[in-house]
Amino acid sequence: MHKHHRALGLAATPSGTRGGADIAKQKPVQPVTLLRPHAARRAARFFVEKFPGRSLYAVKANPSPDLLQILWDSGVTHYDVASIGEVRLVRETLPEAVLCFMHPVKAEEAIAEAYFDHGVRTFSLDTLEELDKITAATATDGVAASDLNLLVRLRVSSDHAKLSLAAKFGADPHDVKPLLMAARQASDALGICFHVGSQAMSPAAYAEAMTRVRAAIVEAAVTVDIVDVGGGFPSWYPGMEPPALETYFAVIHAAFEDLPISYSAELWCEPGRALCAEYSSIVVRVEKRRGDELYINDGAYGALFDAAHIGWRYPVELLRDEPSHVRPMAFSFYGPTCDDLDHMAGPFELPGDVKAGDYLEIGMLGAYGSAMRTGFNGFGATHTEIVADEPMASLYTAVQPRRSNVVTL
Ligand SMILES: Cc1ncc(COP(=O)(O)O)c(C=O)c1O
């Protein structure tokens, strides 16, 4: 993964001691992905030590094998996988990891391969049809498996989240009782799970979802062994400054303690974004300026999918030897492809004298950034560098976000 440095003339510089400004000095022609293993390690330790239950990593947020290894080494033993590709990847990278197949709509062949070839025992579902599929795919010579952990996914509101996950998956209240009763019959351990939407800006999201869990358990009158509160834990972005993660954990813990479940029931969560947002950023070059529009060498088909398609804003910083003292102004970005859609509206605040040839760091791209990268139009190649400086913002340290570079419009 880190084999391309020579093309940048970076190989001679020892890795692990620099930040984005040092990378910019090398004048890289391609975008450079900066990796901060220390930041991912810190996030993982935070969840492992402070979440009042088990933390699964949602692999889709960033499936990099290097990151998976960092999380494993930091104590994350369980992984939320959503496709057979993710099952194979994590099994290959972390042979001892526990894999939980948490996509509620799976191919029967994928379930069978996960169960028989990769030791997966935990599956989510939100319909009786999916339950039938799981029991059929995991049976041996017509005998049903007796070691399944089945988690029924409830539909809950995404009202507190920046990205909704409320439309596509989740059983509605009137379908939950029969589903829980049938899943109880087919499972060794029965669970309930939900997802409050990504980047949930208030712990109330979890409190409200837990009232749905309580109602479902009371109505179905089944023994529940696992309550999985899903992902949705936020990171820090301009205009999205969430409360401390401890407040989320406290609300979840109190709601869990209040559920009519056995003493030995387990509490799980499945953070994606919160575990890896701080892990990486990119250094890009400005290829052209047109008024308040900057043409940069990464974009919608690269690591900036969310910036283009859902208007997500990221912190930005101008990387120059001498800091500019020109008043900041708001810019939008165009990416490198020939496509008008390759446009990131921002606004991104940078000194008013930014010009072609300048380098920028775009921060907090570890989650749903490089994971979305394509090679469309011949772009998409990046180099990677491990750096030792702090991410542009952090929910895990007292480090203040680099606010001078953050839009305050
Ligand atoms: C089932 C499931 N769990 C966890 C996650 C991770 O969510 P987040 O990155 O918001 O923590 C997702 C994201 O789509 C998901 O679908």
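All values derive from a computational prediction rather than experimental measurement. (Residues numbered from 1 in each chain as written. Predicted model: local features only at pLDDT ≥ 70, side-chain atom pairs only at ≥ 80, totals over all residues.)

> Help me understand the overall build of the protein, please; the structure alone is not making it clear to me.
Helix and strand counts for the protein stand at twelve helices and 18 strands. For a compact globule of 409 residues, the expected C-alpha radius of gyration is about 22 Å, and the protein comes in at 22 Å, within 12% of that figure. By residue count, 50% of the 409 residues in the protein fall in the buried class. (Helix = DSSP H or I, 4+ residues; strand = E, 2+ residues; numbered from the N terminus. Rg over C-alpha atoms; globule rule 2.2 N^0.38 Å. Buried ≥ 20, exposed ≤ 12 C-beta atoms within 10 Å, placed from the backbone.)

> How should I be thinking about the sheet that holds strand β11 (residues 266-269) in this particular structure?
Sheet strands pair via backbone hydrogen bonds, and the direction of the pair is either parallel or antiparallel. With parallel pairing, eight strands are arranged side by side around a closed barrel as β2-β3-β4-β5-β6-β8-β10-β11. In this sheet, adjacent strand axes meet at a mean angle of 25° when their direction is disregarded. One ladder, built from three bridges, connects strand β8 (residues 189-193) with strand β10 (residues 226-228); its direction is parallel. From the neighbouring strand, Ile192 faces β10, where its bridge partner is Val227. (Pairing = 2+ DSSP bridges. Axes fitted to C-alpha atoms, helices over the stretch in contact; angles between N-to-C directions.)

> I'm lost on the domain arrangement of the protein in this one. Help?
Put simply, an interface is often sized by how much accessible area is lost when its parts join up. When the domains of the protein are assigned, the result is domain 1 (5-36 + 279-405) and domain 2 (38-276). With 20 residues of domain 1 at the contact, the number on the domain 2 side is 21 residues. Looking at the side of domain 1 that touches domain 2, its residues break down into 15 nonpolar, three polar and two charged. (Domains from an automatic or database assignment. Contact = placed C-beta atoms within 7 Å. Nonpolar A, V, L, I, M, F, W, Y, C, P; charged D, E, K, R; others polar.)

> Looking at this model, I keep getting lost on helix α7 (residues 128-138). Mind explaining?
Buried residues of α7: Glu130, Leu131, Lys133, Ile134, Thr135, Ala137 and Thr138, and no others. Where α7 is buried, its residues contact α6 (108-118), β5 (122-125), β6 (149-153) and α8 (173-186).

> Would you take a moment to explain the nonpolar core for this structure?
Buried together is how nonpolar side chains tend to be arranged in soluble globular proteins. Membership of the largest hydrophobic core comes to 124 residues, with the highest contact counts inside it found for Ala40, Val152 and Tyr206. Three or more residues apiece are contributed to this core by two domains, here domain 1 (5-36 + 279-405) and domain 2 (38-276). In this structure Val152 touches Leu125, Asp126, Ala171, Val176, Leu179, Leu180, Ala183 and Ile192, once residues within four positions along its chain are discounted. (Core = buried A, V, L, I, M, F, W, Y, C linked by C-beta atoms within 7 Å.)

> Sorry, what's going on with unusual backbone geometry here?
Trans peptide bonds make up the majority, and among non-glycine residues the majority have a negative phi. The omega angle of the peptide bond from Gly346 to Pro347 is 5°, so this bond is cis rather than trans. Inspection of the secondary structure puts Pro347 in strand β16 (residues 343-351). Phi is positive for Asp141, which is not a glycine, with a value near 50°. With 4 C-beta atoms packed within 10 Å, Asp141 lands in the exposed category. Even without being a glycine, Met364 presents a positive backbone phi close to 60°. When you line up the elements, Met364 lands in the loop between β17 (359-362) and β18 (383-386).

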